[in-house]
Amino acid sequence: MDNHSYNFPTDCTPLTNCKSARKPAGSTVVNMDAVNNPPRDYLVWSLCNTLYVNFCCLGFMALIYSIKARDQKTQGNLQLAQECSDKAKWYNILAGGWNLLIPLVAVGLLVLLLVHLGSSQGSFDFFGEDGFQNFMKLFSW
């Protein structure tokens, strides 16, 4: 192979700094779409809410929608996965609220009962003859 078969300009040969034969550099535009993160499925949160208290099956409903969101995400249907993810999140918020509220109410009632027992006059024999009547007197205002 000789140089005559490559059709180089006469003033430019390979391995030389020939700027006259080069084309001017143009600009390249690359369009980047906004990065859409896949929707979250909240599966661990739903599982915790299902196993703890699970008032009115809210944690179970969150678990169902979490599994649906994960299935839709793996199938590529991101719109339906986002809808199921939103439902799972709100069921988890409701279940978490109830999971905190029920023990707080139980502790509050226990504290009120203990305060009421401590402020009552005299001591009551709950296991004696009049034990049930004395116990019911505690709850009468």
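Residues numbered from 1 in each chain as written. Predicted model: local features only at pLDDT ≥ 70, side-chain atom pairs only at ≥ 80, totals over all residues. Heavy atoms only, no water.

(A) Region of interest: the packing of aromatic side chains. Across all of its chains, the model carries three aromatic pairs by this definition. Here the aromatic rings of Tyr-42 and Trp-45 are separated by 5.9 Å at their centres, their planes lie at 70 degrees, and the arrangement is edge-to-face. Tyr-42 gets classed as buried once you look at its relative accessible area, which sits at 18%. Aromatic pair Tyr-65 and Tyr-91: ring centres 5.8 Å apart, planes at 10 degrees, arrangement stacked. Of this pair, Tyr-65 sits in helix α2 (residues 58-75) while Tyr-91 sits in helix α3 (residues 78-119); the two residues are 26 residues apart in sequence, bridging distant segments of the chain. (Phe/Tyr/Trp six-rings, centres within 6.5 Å; stacked < 30°, edge-to-face > 60°. Buried < 20%, exposed > 50% of the residue type's maximum accessible area, 1.4 Å probe, protein only. Helix = DSSP H or I, 4+ residues; strand = E, 2+ residues; numbered from the N terminus.)

(B) Molecular detail of the side chain of Asp-41. Among the secondary structure elements, Asp-41 is positioned in the segment before α1 (43-51). One polar contact links Asp-41 to Arg-70, side chain to side chain, over a distance of 2.5 Å. Leaving out residues up to four positions away in the same chain, Asp-41 has contacts with Ser-66, Ala-69, Arg-70, Lys-73 and Ala-88. (Polar contact = N/O pair within 3.5 Å; in protein donor to acceptor, adjacent residues only side chain to side chain. Contact = heavy atoms within 4.5 Å.)

(C) Representation of the environment of Asp-41 within the structure. Taking relative accessible area as the criterion, Asp-41 reaches 10% and is therefore assigned buried. With 31 residues separating them in the primary sequence, Asp-41 and Gln-72 have C-alpha atoms 9.9 Å apart.

(D) Representation of unusual backbone geometry. Positive phi values are uncommon outside glycine, yet Cys-56 reaches one of about 55 degrees. Of note, Cys-56 is situated in the loop between α1 and α2. With phi around 60 degrees, Cys-57 is a residue other than glycine that occupies positive phi space. One can find Cys-57 in the loop between α1 and α2.

(E) Structural context of a nonpolar patch on the surface. A cluster of nonpolar side chains, namely Tyr-52, Val-53, Phe-55, Leu-94, Trp-98, Leu-101, Ile-102, Val-105, Leu-109 and Leu-112, defines an oily patch on the protein surface of about 890 Å² accessible area. You can see Val-105 is positioned in helix α3. (Patch = residues over 30% accessible without salt bridge, like charges linked within 9 Å, V, L, I, M, F, W, Y side chains within 5 Å. Areas by Shrake-Rupley, 256 points an atom, 1.4 Å probe, with all protein chains shown as cover. Salt bridge = Lys/Arg side-chain N within 4 Å of Asp/Glu carboxyl O.)

(F) Region of the structure containing α2. Taking 1.5 Å as the rise per residue, α2 with 18 residues should run 26 Å; its terminal C-alpha atoms sit 26 Å apart, in good agreement. Residues Leu-58, Gly-59, Ala-62, Leu-63, Tyr-65, Ser-66, Ala-69 and Gln-72 constitute the buried set of α2. (Expected span 1.5 Å × (residues − 1).)

(G) Structural context of the side chain of Asn-92. Mapped onto the fold, Asn-92 is located in helix α3. With residues up to four places along the chain from it excluded, the contact list for Asn-92 reads Tyr-42, Trp-45, Ser-46, Asn-49, Ala-62 and Ser-66.

(H) Representation of the confidence of the model for the protein chain within the structure. Looking at the protein chain, pLDDT values average 80 and 72% of them are 70 or higher. The spread of mean pLDDT over the elements of the protein chain runs between helix α4 (residues 131-137), the lowest at 72, and α2, the highest at 95. (pLDDT = per-residue confidence, 0-100.)

(I) How the structure looks around the pattern of salt bridges. Summed over the entire model, instances satisfying the criterion amount to one salt bridge. The shortest N-O distance in the salt bridge between Arg-70 and Asp-41 comes to 2.5 Å. Linking Arg-70 in helix α2 with Asp-41 in the segment before α1, this pair joins segments that are 29 residues apart in sequence. The class for Arg-70 is partly exposed, based on a relative accessible area of 39%.

(J) Looking closely at α1. The complete set of buried residues in α1 reads Ser-46, Asn-49 and Thr-50. For α1, the arc enclosing every buried residue in end-on projection is 100 degrees, short of the 170-degree limit, so these residues lie on one face. Opposite the buried face of α1, at more than 90 degrees from it, the exposed residues are Val-44 and Leu-51. Phi for Val-53, located one or two positions after α1, is positive at around 55 degrees. (Arc of directions from axis to C-beta.)

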